[in-house]
Amino acid sequence: MAKKFGGVINLDIRDSVPDWTPYTAERAPDGSPNVLIILFDDTGMAAWSPYGGRISMPTMDKLAATGLTYTQWHTTALCSPTRSSFLTGRTHHQNGFASISEGATGYPGANSHIPMENAFLAEVLREKGWNTFWVGKNHNVPIDEWHAGASKRNWPLARGFDRFYGFLGGETNQWYPDLTEDNHNVDQPYLPDDGYHLSKDLADKAIEFIRDSQQTAPEKPWYMFFCPGANHAPHHAPQEWIDKYKGQFDDGYEAYREWVLPRMIERGILPEGTDITEINPMPDGTFAPADSVRPWETLSADEKALFARMAEVYAGFSSYTDYETGRIIDYLEESGQLDNTIVMFAADNGASGEGSPDGSVNEGKFFNGIPDDIAQNLTMLDKLGSPDTYNHYPTGWAMAFSTPFRMFKRYSYQGGVADPLVISWPKGIKARGEVRTQYHHVTDIVPTLLEALGVEFPEVVNGYTQTPLPGVSMAYTFDSPEAPTTKQVQYYEMLGTRALWHEGWKVVALHGPTSGIGHFEKDVWQLFHTDEDRSEAVDLADQYPDKVAELVALWFEEAGKYNVLPLNDLTAKEILAMEIPTVVPPGGTYTYYAGASDVPERMAANVHGVSYTIAVEFEATEADAEGVLFAQGSRFGGHSLFVKNRKLYYAYNFLGIPPETQFISDVEVGVGKHIAGLEFAKESVGEYGVSIGTAKLYLDKKVVAEGPLTTMTGHFSLCGEGLAIGRDSGDPVSKEYDHGFDYRGGTIVKAQVHVGDDAFLDMERMLEAAMARD
């Protein structure tokens, strides 16, 4: 509510009294703490050193030594949903985030548009006198609003943040990221050859944001949501950081489990007597086969070497990002801000099983439903973590880094929802280096911060009556290690998996995510007494059927309260096919221009699984004119139309599987006006749903090359790597050129893409139309 003017207004200003109160921003109380949330991705509880893991995290270790390590803190099992709860304090279904942004299906609990009734904590704190910053991964902007022409109502600056720098989607290439600053896309400041890595860039920007605000308002506290790309695929890291772990995972993932569990118990992370679960704990037919684990002893020597190296890359990625994050902590310490900064260092879900049992050199294969080829992956062994790969370790490491629990990310077992959380606040928490075992959830983070900051959540924010916060504050645990848990109940649902915890008991439906099984009414429910069985190793459902019935009924009660239904266990490929429809222009022809912002793939012409034509009208004013005319995607999946050495090229990169398909003109591109075109006529569907047909490369009206072409049915990338005209703005699609390859020596008038309905498209008609432009 606006403040009333309290001065005096008369005819003459000399007889009036001013009042600046309604026009100046509210100030936070003197001594209010800063807030720094450090949120990593895809990390199980057994991975990091503060929890007994083998991955060295000195920054997190330092914060744990000056604060508290939580052993029973939980997430939603997936990134976007967890982050939505971190931001708003509401459940992920209340936020419309039953799944990731890219997996929205158009229901109240699954639309990826966070309602204004669920205000962000940043919206509240900004009005209360805090500066607010978001750096790194977003993944909470709905995909229909990613592009330059979309409303920015759900972008960070519209939801309470003063500044934003990072990437909007769920993942990005760490060497060639898809970057946004505030409300617009930007190019990365320098390239990998000059030392670029996203983790370093994000740390630089975080320090810049804080330093800039403190320079002019040193008394003003700030709140920062810092979300590096680690440890989400692609696992990219500088070579020297990968090499630090050489040989450390040669013993295999099952041996790692046996090694790490005693260390977790010794540190008080798990109680004495905690059992380890099986590596494949679910019966056949209850989960997707891609989530199974291959026993280490069944692997060949080459496979063991490959899988071990994949773990080394993941560990190097994590440690390197911890180091870069440490530069933020060092800056706060040097500038005298750390003592009164609440730092929360956490992960958003369990270790990722999206690498399949064989691991992957290109995670995009998982989302396209195409299995990895071990022989091909072995050829990339020495390039893992470099710009040449988009790698992800196999499910065995997801299981190991989630020790001693069942399963991993996406599952409602502890392997998916039990995550690391360290809280440090030297000025506000007396305890140092202690463990806390109370049961809590990500929905409890906002209430905790509100209590610590002395801020009451308003009933109305920006004119919207607010949804009550469902969580409880964890602040009582700060100085009371033995205090009983104040939380009473917590439901879980993710991609068709279900569970509910209530006063030390937990039921879990025996139903895997993205499995396509359906028939939820036939689900068998397991029962675990988590107060005594932290790893959920012993199913007590047969012994206590009444308790199962009680908790299942409570799950349905919570589901009705929080918009959980309908349940969705469709495969990743099926879910992505349900995304919000794009607006198709009249006639089905999309027009693009050079110099404009990249068009996100989900808002661009969809060339997957259909016939299509591309036509680019351009002029070569110099004999050596060359560069990219049209590009979409990257070397891990994409296509590009370009001129090189006076020849017209069309390159199609099918999921990075070599060799890339190339069509090269048999005539030169001379000085003058031209139209370059590519026509793909789909003729059949191959294994895994790929499209098979014939491609013809045109220069003006002449076919200058043709041949067979197989195209991807799924997206080129989960997110990022959009469509660009006149340059290849991200990771290069083709090996024929380097990053950028801007068209020079001429001009591009426009590009047009026409998408067919699996029908032959008349290229000549399209060329005639382009040439007949006004």
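Right, let's walk through the structure included here. (Residues numbered from 1 in each chain as written. Predicted model: local features only at pLDDT ≥ 70, side-chain atom pairs only at ≥ 80, totals over all residues. Heavy atoms only, no water.)

## Here we look at the overall build of the protein
- In terms of regular secondary structure, the protein is built from 15 helices and 29 strands.
- On C-alpha atoms alone, the protein measures out to a radius of gyration of 27 Å, which is about the 28 Å that the 2.2 N^0.38 rule sets for 774 residues.
- Counting every position in the protein, which comprises 774 residues, the buried fraction comes to 64%.
- Sequence-distant contacts, at least 24 apart, represent 73% of the contacts inside the protein between residues at least 6 apart.
- Here the protein displays about 28100 Å² of accessible surface, and carbon together with sulfur accounts for 51% of that area.
- Seen as two clouds, the 61 positive and the 109 negative side-chain charges of the protein have centres 3 Å apart. (Helix = DSSP H or I, 4+ residues; strand = E, 2+ residues; numbered from the N terminus. Rg over C-alpha atoms; globule rule 2.2 N^0.38 Å. Buried < 20%, exposed > 50% of the residue type's maximum accessible area, 1.4 Å probe, protein only. Contact = heavy atoms within 4.5 Å. Areas by Shrake-Rupley, 256 points an atom, 1.4 Å probe, with all protein chains shown as cover. Lys, Arg positive; Asp, Glu negative; His and termini not counted. Charge placed at Lys NZ, Arg CZ, Asp CG, Glu CD.)

## Side note on the sheet that holds strand S9 (residues 341-347)
- With mixed pairing, ten strands are arranged side by side in an open sheet as S7-S6-S5-S4-S8-S1-S9-S10-S2-S11. In the strand order of this sheet, the two ends are held by strand S7 (184-186) and strand S11 (434-436), each with one partner. In this sheet, neighbouring strand axes are inclined to one another by 15° on average, regardless of whether the strands run parallel or antiparallel.
- The pairing of strand S1 (residues 34-40) with strand S8 (residues 222-227) spans four bridges and is parallel. Note that in S8 the partner of Ile-38 across the bridge is Phe-226.
- Across the sheet, helix H2 (residues 79-88) is in contact with S1, strand S4 (131-137), S8 and S9; its angle to S1 comes to roughly 170°. (Pairing = 2+ DSSP bridges. Axes fitted to C-alpha atoms, helices over the stretch in contact; angles between N-to-C directions.)

## Describing the sheet that holds strand S22 (residues 637-644)
- On the basis of which strands lie adjacent, the open sheet formed by five strands has the order S24-S23-S22-S21-S28 and antiparallel pairing. Edge positions in the sheet fall to strand S24 (661-668) and strand S28 (723-725), since each has one partner strand and no second. Between one strand axis and the next, the sheet turns by 10° as a mean value, whatever way the strands run.
- Examined bridge by bridge, strand S21 (residues 627-634) and S28 share three bridges and lie antiparallel to one another. Within the sheet, the bridge partner assigned to Gln-632 lies in S28 and is Leu-723.

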